[in-house]
Amino acid sequence: MKNSKLTSFMPKIVIGSLVASLALTCMPFPKGADQAIAAASRSSQSFAKFMQMNAPSRTVKTVGGIQTVTNLSSTVVLVNKQRNLPSTYVPKDLVVPNVPFSFSGPSPKKQLRKIAANALEDLFAAAKKDGIELKAVSGYRSYATQKSIFERNASIKGEAVANKTSARPGQSEHQTGLSMDISSASVGYALEESFGSTKEGKWLKANAHKYGFIIRYGKGKEKLTGYSYEPWHVRYVGVYIAGEITRQNLTLEQYLQKSI
């Protein structure tokens, strides 16, 4: 292998999504095999430190009797039924990705954090190139919005059922600005399990990780995630981590716990 190939190849394997997560994309790769190996080693150590800093046990504290996450701006922030976001939390870098939506007009739910928005644009461009037409349905939701959604679902379905299909306020990944619900015309842009059986849903499952996204609530993972299967709900975690989670068929909870 020529040195130039090794230089570009090794850091990408070792560093993975850390390039995006830690904003290292502007750093020039060194020339020569020895320098490439040294850079890869440093990147590996940085990645290990990044994962250690974001370990579930290190990123939660009790606030007013509620287990509240502390690494709010991290791309691997873990939010679930045991780990709540503060009611006042709003991501600072929300933008509207340049992708087609299932509805027209301005709306907060068109927004994502910038890093996730950029990745979503790449994902949609790849889908279009493959002849797959997707549309974004729902991204960022405030604590107040999620509260209204959960209460409405609970009044219609009952609280127990609602708790399996929608998050309580403070427990929704949508509040992080890193998640987007995606659908297609084949299911009328609805958010339902049948989307997973469509060509669009199958494409999304097979390709989301290439752009840093995971299917957050996978089939057969209900006991681990606490939620029903949602083939439409993608969560940005970065390319390398998304690839590892997908390859190993893990939940985000399992991956973060395993990485300690």
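See the structure above.
Residues numbered from 1 in each chain as written. Predicted model: local features only at pLDDT ≥ 70, side-chain atom pairs only at ≥ 80, totals over all residues. Heavy atoms only, no water.

Before going further, it helps to spend a moment on the sheet that holds strand 7 (residues 213–217). Sheet strands line up and pair through hydrogen bonds in the backbone, either parallel or antiparallel. Pairing within the open sheet is antiparallel, and its four strands lie in the order 5-6-8-7. Two strands lie at the open edges of the sheet, namely strand 5 (135–138) and strand 7, each paired on one side alone. If you compare each strand with its neighbour and ignore which way they point, the axes differ by 45° on average. In this structure, strand 7 lies alongside strand 8 (residues 230–236), joined through four bridges in antiparallel fashion. Residue pairing for strand 8: Ile215 is matched across the bridge by Val234. Taken strand by strand, helix 4 (residues 114–129) contacts strand 5, strand 6 (179–183), strand 7 and strand 8, and its axis lies near 100° from that of strand 7. (Pairing = 2+ DSSP bridges. Helix = DSSP H or I, 4+ residues; strand = E, 2+ residues; numbered from the N terminus. Axes fitted to C-alpha atoms, helices over the stretch in contact; angles between N-to-C directions. Contact = heavy atoms within 4.5 Å.)

In this description, a pair of aromatic rings is defined by centroid distance and the angle of the planes. Within the structure shown, the criterion is met by four aromatic pairs. Ring geometry for Phe101 and Phe103: centres 5.8 Å apart, planes at 65°, overall edge-to-face. Overall, the relative accessible area of 11% leaves Phe101 in the buried class. With a relative accessible area of 23%, Phe103 lands in the partly exposed category. With a centroid separation of 5.5 Å and 75° between ring planes, the pair formed by Phe213 and Tyr236 is classed as edge-to-face. In this pair, Phe213 sits in strand 7 while Tyr236 sits in strand 8, placing the two residues 23 residues apart along the sequence. Classification of Tyr236 by relative accessible area gives buried; the value is 3%. Between the NZ or CZ atom of Lys110 and the centre of the ring of Phe101, over which it lies, the distance is 5.1 Å. (Phe/Tyr/Trp six-rings, centres within 6.5 Å; stacked < 30°, edge-to-face > 60°. Buried < 20%, exposed > 50% of the residue type's maximum accessible area, 1.4 Å probe, protein only. Lys NZ or Arg CZ within 6 Å of the ring centre and 35° of its normal.)

The next subject is unusual backbone geometry. Phi is positive for Tyr189, which is not a glycine, with a value near 60°. A positive phi angle, close to 55°, is found at Asn249, a residue other than glycine. Its location among the elements puts Asn249 in the loop between helix 9 (239–248) and helix 10 (252–258).

Overall, the coordinates contain eight salt bridges when judged by the stated rule. Here Asp181 and Arg141 are joined by a salt bridge, their closest N and O atoms 3.1 Å apart. Note that Asp181 is positioned in strand 6 and Arg141 in the loop between strand 5 and helix 5 (143–157), a separation of 40 residues in sequence. Judged by its relative accessible area of 2%, Asp181 falls in the buried class. For Arg141, a relative accessible area of 14% corresponds to the buried category. Residue Arg168 is joined to Glu159 by a salt bridge in which the shortest nitrogen-to-oxygen separation is 2.8 Å. According to the relative accessible area criterion, Arg168 is partly exposed, its value standing at 27%. According to the relative accessible area criterion, Glu159 is partly exposed, its value standing at 46%. One connected set of salt bridges, linked through shared partners, spans Glu173, Arg216, Arg235 and Glu253. (Salt bridge = Lys/Arg side-chain N within 4 Å of Asp/Glu carboxyl O.)

Quick look at the side chain of His233 now. In this fold, His233 is placed in strand 8. Looking at His233, its side chain comes within polar contact range of the side chain of Ser179, at 3.4 Å. Setting aside its immediate chain neighbours within four residues, His233 contacts Glu173, His174, Ser179, Met180, Asp181, Ile214, Ile215, Arg216 and Tyr217. (Polar contact = N/O pair within 3.5 Å; in protein donor to acceptor, adjacent residues only side chain to side chain.)

By themselves, these are just geometric observations and shouldn't be taken as functional.
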